[in-house]
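Tertiary structure, described
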Amino acid sequence: MNKTELIEHIALQADISKAAAARAVDAMISGVSQSLKKGEPVALVGFGTFVVSSRAAREGRNPRTGAPVHIRAARIPRFRPGKVLLDALS
C-alpha cells in the first residue's frame, strides 16, 4: 500500500473526502517527524512505537574498488511493532 492507497482507504473507512484524508495523513507524518526530530518517541498503543536510534560511525568498503570508506554516525528512525499488530499478523 502506498500513500495514495492509504488516503483512499482512510477516506472510505472514515467516510470523509480524499482531501480531508490526505490532510490527516500529512498531519500525522508531520507530527511523527517533528517528535522524532526532537528525540521524542511516538507511541501508538496497539500499533507500535517510533523511536530515534543512533548508529555509530564505522568503516565500510566501496564494493566496486574495495577501497575503505568512512561512514558517518547517524540518527535513524526505528519502528517497534506493538502486540496487537504482531498478533494480527500471526
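This write-up is about the structure you can find in this document. (Residues numbered from 1 in each chain as written. Predicted model: local features only at pLDDT ≥ 70, side-chain atom pairs only at ≥ 80, totals over all residues. Heavy atoms only, no water.)

1. Quick word on the packing of aromatic side chains
Here is the rule: Paired rings are identified among Phe, Tyr and Trp, the last through its six-membered ring, by centres lying within 6.5 Å, and are further divided according to the angle between planes into stacked (under 30 degrees), edge-to-face (over 60) and tilted (the rest). We count a stretch as a helix when DSSP gives it H or I for four or more residues in a row; a strand needs E for two or more, and each element gets its number in order from the N terminus. For each residue, the accessible area found with a 1.4 Å probe, counting protein chains only, is set against the maximum for its type, and the residue is called buried under 20%, exposed over 50%, and partly exposed in between.
Counted by the stated rule, this structure contains two aromatic pairs. With centroids separated by 5.4 Å and ring planes inclined at 50°, the aromatic side chains of Phe47 and Phe79 adopt a geometry described as tilted. One end of the pair, Phe47, is in the loop between strand S1 (42–44) and strand S2 (48–55); the other, Phe79, is in strand S5 (residues 74–81), with 32 residues separating them in the sequence. Here Phe47 falls in the partly exposed class, since its relative accessible area comes to 40%. With centroids separated by 4.9 Å and ring planes inclined at 50°, the aromatic side chains of Phe50 and Phe79 adopt a geometry described as tilted.

2. Looking at helix H2 (residues 18–37)
For the record, the criterion: One less than the number of residues in a helix, times 1.5 Å, gives the span that helix is expected to have. Directions are taken from the helix axis to each C-beta atom, and the arc is the one they span. Only heavy atoms matter for contacts: two residues are in contact if any of them lie within 4.5 Å across the pair.
The end-to-end C-alpha distance of H2 is 28 Å, a good match for the 28 Å that 20 residues give at a rise of 1.5 Å each. Of all the residues in H2, the buried ones are Ala21, Val25, Val32, Ser35 and Leu36. End-on view of H2: buried residues confined to an arc of 105°, all on one side of the axis. Across from the buried face of H2, at angles greater than 90 degrees, the exposed residues are Arg23 and Lys37. Taken together, the buried residues of H2 touch helix H1 (3–14), S1, S2 and S5.

3. As for the pattern of salt bridges
Put simply, the rule is: The working definition used for a salt bridge is a side-chain nitrogen of Lys or Arg within 4 Å of a carboxyl oxygen of Asp or Glu.
Tallying each qualifying case throughout the model produces three salt bridges. Its salt-bridge partner being Glu8, residue Lys18 comes within 3.8 Å of it at the nearest N-O pair. Here the residue Lys18 occupies a position in helix H2, and Glu8 occupies one in helix H1, the gap between them amounting to 10 residues. Classification of Glu8 by relative accessible area gives partly exposed; the value is 33%. Residue Lys83 is joined to Asp87 by a salt bridge in which the shortest nitrogen-to-oxygen separation is 2.8 Å. Taken as a pair, Lys83 and Asp87 lie in helix H3 (residues 83–89) at a separation of four residues, close to a single helical turn. Given a relative accessible area of 61%, Lys83 falls into the exposed group.

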